[in-house]
Amino acid sequence: MSSSSQGADGLFISFEGIDGAGKSSHVQTLAQAFRAQGWAVTVTREPGGTPLAEKLRTLALGEPMDPLTEALLMFAARRDHLVRVIEPALARGEAVLCDRFTDATFAYQGSGRGFDLQVLAQLEAWVQRTPAGDLREPHLTLLFEIDPSIAAARLAGARVPDKFESQPVDFFSRVATGYALRVRQNPSRFARVDADQPREAVWTDVLAALRSRGWLT
Ligand code: TYD
């Protein structure tokens, strides 16, 4: 593969959406579909995916902090994750399925918290630089879209909310706007999935996005 966003022969897919969109269950199902077609698969998540990044996740999701500190922790976790897990797996030719990646930082810390998008873009360029000097980005980002008030109703009572899940609906409306901005900046990287459907219908759309790109049959 030769495009600047692509590594050896691996495939990097991220899953995004506001809390309550229901993306996470599709990560596992898609991993099974890839394995059934002979791929080695790494399933991982952000913030997290390494022992250090999981510690940073606990801090970032549990402690109050200013938006710059929050953004720096997200990118510190991402750097460790890229170096230790994502780049090696892509170099081995694996499919890497990542529950959230940098679009979440732009959507949550940027549009949600109101932190400077230019600074985030600088951190992105710095943290996601590959050894070859390219910008590491997912080859495909599945964006699970749902009305923020429906997502909030889904989350209500489901579990003890973390720092982000306990934000008001307004916050998630801004996060959704942040995701839409990322789509406008790089439409070909995204597949938008209507998450306000029965689970089976959502899965059918996920599969269609992969098949239309020739990555699953
Ligand atoms: P999430 O991925 O929804 O995991 P779970 O299903 O276990 O709740 O939770 C991660 C939270 O972290 C989510 O609210 C979004 C937030 N987040 C950011 O604010 N910035 C980021 O860069 C990332 C990766 C996540």
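All values derive from a computational prediction rather than experimental measurement.

About the criteria used
- Along each chain, the written sequence defines residue order, and numbers are assigned to residues from 1.
- Two thresholds apply to this predicted model, a pLDDT of at least 70 for residue-level local features and 80 or more for giving and counting side-chain atom pairs, whereas whole-chain, interface and lining totals are computed over all residues.
- The basis for every side-chain value is the complete set of heavy atoms in the structure, and neither hydrogens nor water enter the calculation.
- What counts as a helix is a DSSP run of H or I of at least four residues, what counts as a strand is a run of E of at least two, and both are numbered from the N terminus.
- Exposure classes here rest on a 1.4 Å probe applied to the protein chains alone. A residue is buried below 20% of its type maximum, exposed above 50%, and partly exposed in between.
- Here, two residues are considered to be in contact whenever any of their heavy atoms come within 4.5 Å of each other.
- The nearness test applies per residue and asks whether one of its heavy atoms lies within 4 Å of the molecule or strand.
- Polar contact criterion, stated in full: a pair of N or O atoms within 3.5 Å, where within protein one must be able to donate a hydrogen and the other to accept it, and residues adjacent in sequence count only if both atoms are side-chain atoms.
- Per-residue accessibility takes into account occlusion by the displayed protein chains alone, with areas from the Shrake-Rupley method and a 1.4 Å probe.
- Polarity classes work like this: nonpolar for Ala, Val, Leu, Ile, Met, Phe, Trp, Tyr, Cys and Pro, charged for Asp, Glu, Lys and Arg, and polar for all others, with Gly in that last group.
- The directions considered for the arc run from the helix axis to the C-beta atoms.

Draft legend 1. Spatial organisation of the environment of Glu145. Mapping Glu145 onto the fold places it in strand E4 (residues 140–145). Judged by relative accessible area, Glu145 falls into the partly exposed class, the value being 28%. Separated by 51 residues in sequence, Glu145 and Asp196 have C-alpha atoms that sit 7.4 Å apart. Those residues in contact with Glu145 that sit more than four places away from it in its chain are Arg192, Val193, Asp194, Ala195 and Asp196.

Draft legend 2. Broad picture of the site of the ligand. Not every one of the 16 residues close to the ligand is listed here, only the nearest: Asp19, Arg100, Thr105, Gln109 and Glu165. Within the side chain of Asp19, one N or O atom sits 2.9 Å away from an oxygen atom of the ligand. Within the side chain of Arg100, an N or O atom sits 2.7 Å from an oxygen atom of the ligand. Protein chains shield 91% of the accessible area of the ligand, which is 550 Å² for the free molecule. Taken together, the elements giving at least two residues each to the shell around the ligand come down to helix H2 (51–62), helix H3 (67–91) and helix H4 (102–112). Examining the composition of the shell around the ligand, we find that 4 residues originate from one element, H4, more than from any other. Of the residues assigned to the shell around the ligand, the class counts are 6 nonpolar, 2 polar and 8 charged.

Draft legend 3. Representation of helix H5 (residues 117–127) within the structure. Taken together, the buried positions of H5 are occupied by Leu120, Leu123, Glu124 and Val127. For H5, the angular spread of buried residues about the axis comes to 105°, placing them on one side. Relative to its buried face, H5 has exposed residues pointing more than 90 degrees away, namely Gln118, Gln122 and Trp126. Where H5 is buried, its residues touch H3, H4 and helix H7 (169–185). You can read the cap of H5 off the contacts: a side-chain oxygen lies 2.8 Å from the backbone nitrogen of Gln118, and it is on Asp116.

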